[in-house]
Amino acid sequence: GPVLFAFVSPPPSGFSWGAGGSAYQTEGAWNVDGKGMSIWDAFAHKKGKIFLNDTGDFSCEGYHKVKDDISLMKDMNLKHYRFSISWPRILPTGIKNENINEKGIRYYDDLINKLLENKITPIVTLYHWDLPQILEEKYRGWQNASMVNLFNDFANLCFERFGNRVRHWITFNNPWVMEGYETGEHAPGLKLRGVGAYKAAHHIIKAHAKVWHTYDTQWRNKQKGLVGISLSGDWGEPVDISNQRDIEAAERYVQFYMGWFATPLFNGDYPQVMKDYIGRKSAQQGLGASRLPVFTAQEKSYIRGTCDFLGIGHFTTRYITQKNYPSGRGNSYFTDRDLAELVDPRWPDPGSEWLYSVPWGFRRLLNFVKKQYGNPMIYVTENGVSEKMMCTDLCDDWRMQYFKDYINEMLKAIKDGVNIKAYTAWSLLDKFEWDEGYSERFGLYYVDFRDKNKPRYPKASVQYYKSIISSNGFPNQRELESWKGKAIETCSSSNQLLAAGKSNTSHYSEELGGAKTKTNCYFIQSLTGILFVLPLQLEDCPRKIRNLQES
């Protein structure tokens, strides 16, 4: 039978367990205390951009709930909390010498100080997608090279004001800019196919390097901190491991995804495969130069080695096969890669249509990073799972299962010698999920968005993750089962509390009587053209679409 669980020794003693969130997704207070507009404020206010036309105007009201939220973290024994600073909250016009908003600075001061009072380490992201709107209007945002210096000024201000207490800085969160500049699904909503995303990424990489050098030369000796980046990395596994073209396509998938940013920062230039493919397709399209910008020799040496640690946000895996796109079909990042992404219909997909639970892909990705980039220090900056529920159920057994399986694979990677220092559950709270609005919930804590006070209720996974933290990993199977039992007890009573609080607003309230809740909930299944469900004949392919529960 399948190996249900291979218990692995716990991580080393200095290992840090935490949770995260980001400014636009959780703070609310979009126009309070002098904050300027961000591109996400502007984008979400346009009709038809966000599911049900929701916005992050109020979100979780995190801006007004610092104390409450830190007591939730304290209760879970979190060792760190990852949050982001809203650039327009402290620089409303985006430009340092125009106007510094001291009220915005005070908010982050307060957050940092309260975290430290509670012995929770702040891990601070400088850019989690919320560019000041004025910079988008005046300069075309990341399409313009002047962002490099403006972002560096903003970062330098943060080091100056917060750096005496913050030791862990992330310049950019998942700068994979496809949705903002290629498909237009995210702010700023541009469809500059085959060009805009490469250009934006080029400026982001230079901005990251500049900020790293600023920290290195001006602040490191005094503040003794680290500056890294957080990259999104899904794993790509060849559909047919005996087929060289599939093997190369899967490698290409990872290089075009995480490698696009990681390879320049560790090795000084874009992955060779990106230069080859985009260059060749640009030439076939009759363009005089590649659509992928070029770093000068001087820039290469300037950007190489500008990562004190690599943050990794990882959620899922795809099977990859070779697929040729003729260059006549117009350009896009997606056709530049010459590959198709597939999923196995047997993989669990509790929530987002893109998020299948494939734990073994996590260990493979972590080992790939170790080999590819010379075993850098790794912080897992995001890992978790969402649900798309038509009703409320706080007994999130699928999330407990996801955490158990993914954390176990991370522990195996540590055993393989991968240098992982921290794990960040994504996310502390349900929050605004970009173009999905509030229809997807990643939180350990449920937030009732219909109540203007945005009360938080613990899901079962809170109790479960707390047990993982206090044991620094997993003790044994029997104990794990008892954790789960305890967690389910807690969530059943929370379900009743929540039902009582919502009896006026929810037509599901009478269904929320505790244990039988689950059967009355149903998942929203949304099908999009992005994923091709695996064709049946793949059943015959080598490895029988892999024994998914390998140890």
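Everything quoted here is computed from the prediction, not taken from an experiment.

Observations regarding the overall build of the chain
Move 1: What the chain contains, in helices and strands, is 18 helices and 14 strands.
Move 2: A total of 551 residues make up the chain; the buried ones form 61% of that total.
Move 3: Within the chain, contacts between residues separated by at least 24 positions form 77% of all contacts whose residues are at least 6 apart in sequence.

Digging into unusual backbone geometry
Move 1: Backbone torsion omega between Ala187 and Pro188 reads 0 degrees, so that peptide bond is classified as cis.
Move 2: Counting through the fold element by element, Pro188 comes out in the loop between helix H8 (178-181) and helix H9 (196-223).
Move 3: Across the junction of Trp426 and Ser427, the peptide omega takes the value 10 degrees, indicating a cis bond.
Move 4: One can find Ser427 in the loop between strand S11 (420-426) and strand S12 (445-447).
Move 5: Backbone geometry places Lys119, a non-glycine residue, at a positive phi of 60 degrees.

A few points about the side chain of Glu341
Move 1: Tracing the backbone through its elements, the reader meets Glu341 in strand S9 (residues 339-343).
Move 2: On the basis of relative accessibility, which here comes to 15%, the residue Glu341 falls in the buried class.
Move 3: Within polar-contact distance, the side chain of Glu341 engages the side chain of Arg337 at 3.1 Å.

Here we look at the nonpolar core
Move 1: With 159 residues, the main nonpolar core has Trp142, Trp169, Trp260, Met410 and Tyr465 as its most contacted residues.
Move 2: The contact partners of Trp169, leaving out residues within four places of it in the chain, are Ile85, Val124, Leu126, Cys158, Phe159, Phe162, Gly163, Tyr215, Leu226, Val227, Gly228 and Phe309.
Move 3: One finds Ile123, Phe309, Met377 and Ala422 within the second-largest nonpolar core, a separate group that totals six residues.

Observations concerning the pairing of strand S6 (residues 235-238)
Move 1: Of the two faces of S6, both are covered, the one formed by Trp235 and Glu237 as well as the one formed by Gly236 and Pro238.
Move 2: Across four bridges, the pairing between S6 and strand S8 (residues 317-322) is parallel. Among the inter-strand pairings, Pro238 is bridged to a residue of S8, identified as Ile320.

Digging into the sheet that holds strand S5 (residues 226-232)
Move 1: The sheet built from eight strands closes into a barrel, its strands ordered S1-S2-S3-S4-S5-S7-S10-S11 with parallel pairing. Between one strand axis and the next, the sheet turns by 25 degrees as a mean value, whatever way the strands run.
Move 2: Here three bridges tie strand S1 (residues 16-20) to strand S2 (residues 80-84), and the two strands are oriented parallel to one another. Looking at S2, one finds that Gly18 is bridged to His80.
Move 3: Its contacts with the sheet put helix H15 (residues 397-415) on S1, strand S10 (378-383) and S11, and the angle it makes with S11 is roughly 170 degrees.

What to know about the UniProt feature "active site" (unreviewed entry) in the chain
Move 1: According to UniProt, the "active site" (unreviewed entry) feature falls on Glu382.
Move 2: Assignment of secondary structure puts Glu382 in strand S10.
Move 3: Glu382 gets classed as buried once you look at its relative accessible area, which sits at 9%.

Focus on the pattern of salt bridges
Move 1: Considering all chains together, one arrives at 31 salt bridges under this definition.
Move 2: Across the pair Lys65 and Asp68 runs a salt bridge whose closest N-O atoms are separated by 3.7 Å.
Move 3: Judged by relative accessible area, which is 15%, Lys65 ranks as buried.
Move 4: One salt bridge in this structure joins Arg220 and Asp308, with 3.0 Å as the shortest N-O distance.

Some thoughts on the packing of aromatic side chains
Move 1: Under the criterion given, the structure shown has 54 aromatic pairs.
Move 2: With a centroid separation of 5.2 Å and an interplanar angle of 90 degrees, the aromatic rings of Tyr333 and Phe334 are classed as edge-to-face.
Move 3: Taking the centre distance of 5.5 Å and the plane angle of 70 degrees together, the rings of Phe432 and Tyr438 count as edge-to-face. We note that Phe432, like Tyr438, is buried.
Move 4: Every member of this aromatic cluster is reached through a ring pair, and the members are Trp176, Tyr198, Tyr253, Phe256, Tyr257, Trp260, Phe261, Tyr333 and Phe334.
Move 5: Taking the ring centre of Tyr107 as reference, the NZ or CZ of Arg89 above it sits at 5.9 Å.
Move 6: One cation-aromatic arrangement involves Arg280 over Tyr277; the distance from NZ or CZ to the ring centre is 4.7 Å.

Brief notes about the side chain of Lys459
Move 1: With respect to the element layout, Lys459 can be found in the loop between strand S13 (456-458) and helix H16 (460-471).
Move 2: Once you skip the residues sitting within four places of it in the chain, Lys459 turns out to touch Glu387, Leu394, Asp396, Arg399, Asp430, Arg441, Gly443, Leu444, Tyr445 and Tyr446.

So, the state of the cysteines
Move 1: Going through the model one piece at a time under the given rule, you end up with one disulfide.
Move 2: Between the sulfur atoms of Cys395 and its disulfide partner Cys491 the distance amounts to 2.0 Å. Because the torsion about its S-S bond is 105 degrees, the bridge between Cys395 and Cys491 counts as right-handed. Highlighted residues: Cys395 in the loop between S10 and H15 and Cys491 in helix H17 (residues 477-502), separated in sequence by 96 residues.

What to know about the environment of His202
Move 1: In this structure, His202 sits in helix H9.
Move 2: In the structure, His202 is positioned 58 residues away from Trp260 in sequence and 9.6 Å away in space, judged by C-alpha atoms.
Move 3: Excluding residues that lie within four positions of it along the chain, His202 makes contacts with Tyr270, Pro293, Val294 and Phe295.

A look at the environment of Tyr438
Move 1: On the secondary structure map, Tyr438 appears in the loop between S11 and S12.
Move 2: Residue Tyr438 is classed as buried on the basis of its relative accessible area of 14%.
Move 3: Residues Tyr438 and Phe449 lie 11 residues apart in sequence; the distance between their C-alpha atoms is 8.1 Å.
Move 4: Look past the residues within four positions of Tyr438 in its chain and what remains in contact with it is Asp54, Thr55, Gly56, Ser59, Lys431, Phe432 and Phe449.
Move 5: A polar contact is formed between the side chain of Tyr438 and the backbone oxygen of Thr55, at a distance of 2.8 Å.

Thresholds applied
Every chain's residues receive numbers from 1 upward, in the order its sequence appears when written. Two thresholds apply to this predicted model, a pLDDT of at least 70 for residue-level local features and 80 or more for giving and counting side-chain atom pairs, whereas whole-chain, interface and lining totals are computed over all residues. Note: side-chain values were computed over all heavy atoms of the structure, leaving out hydrogens and water. Note on conventions: DSSP H or I runs of at least 4 residues are helices, E runs of at least 2 residues are strands, and numbering of each starts at the N terminus. Exposure categories follow from relative accessible area, calculated using a 1.4 Å probe and restricted to protein chains: below 20% of the type maximum is buried, above 50% is exposed, and the middle band is partly exposed. Only heavy atoms enter the contact rule, under which two residues are in contact if any of them lie within 4.5 Å. Polar contact is the term for a pair of N or O atoms within 3.5 Å; when the atoms are in protein, one must be able to donate a hydrogen and the other to accept it, and sequence-neighboring residues count only if both atoms are side-chain atoms. For this analysis, a nonpolar core means a set of buried residues of the types Ala, Val, Leu, Ile, Met, Phe, Trp, Tyr and Cys, connected via side-chain atoms within 4.5 Å. Whether two strands pair comes down to DSSP finding at least two bridges between them. Helix axes are fitted only over the stretch in contact, all axes being lines through C-alpha atoms; the angle between N-to-C directions runs from 0 to 180 degrees. UniProt positions are given in the numbering used here, feature names are shortened, and annotations may be inferred rather than shown by experiment. Salt bridge, as applied in this entry: a Lys or Arg side-chain nitrogen positioned within 4 Å of an Asp or Glu carboxyl oxygen. Each pair of aromatic rings taken from Phe, Tyr and Trp, with Trp reduced to its six-membered ring, is defined by centres within 6.5 Å and is described as stacked if the planes are under 30 degrees apart, edge-to-face if over 60, and tilted in the remaining cases. Placement of a charge over a ring requires the Lys NZ or Arg CZ to be within 6 Å of the ring centre, with the centre-to-atom vector within 35 degrees of the ring normal. By disulfide we mean two sulfur atoms from cysteines, separated by a distance within 2.5 Å.

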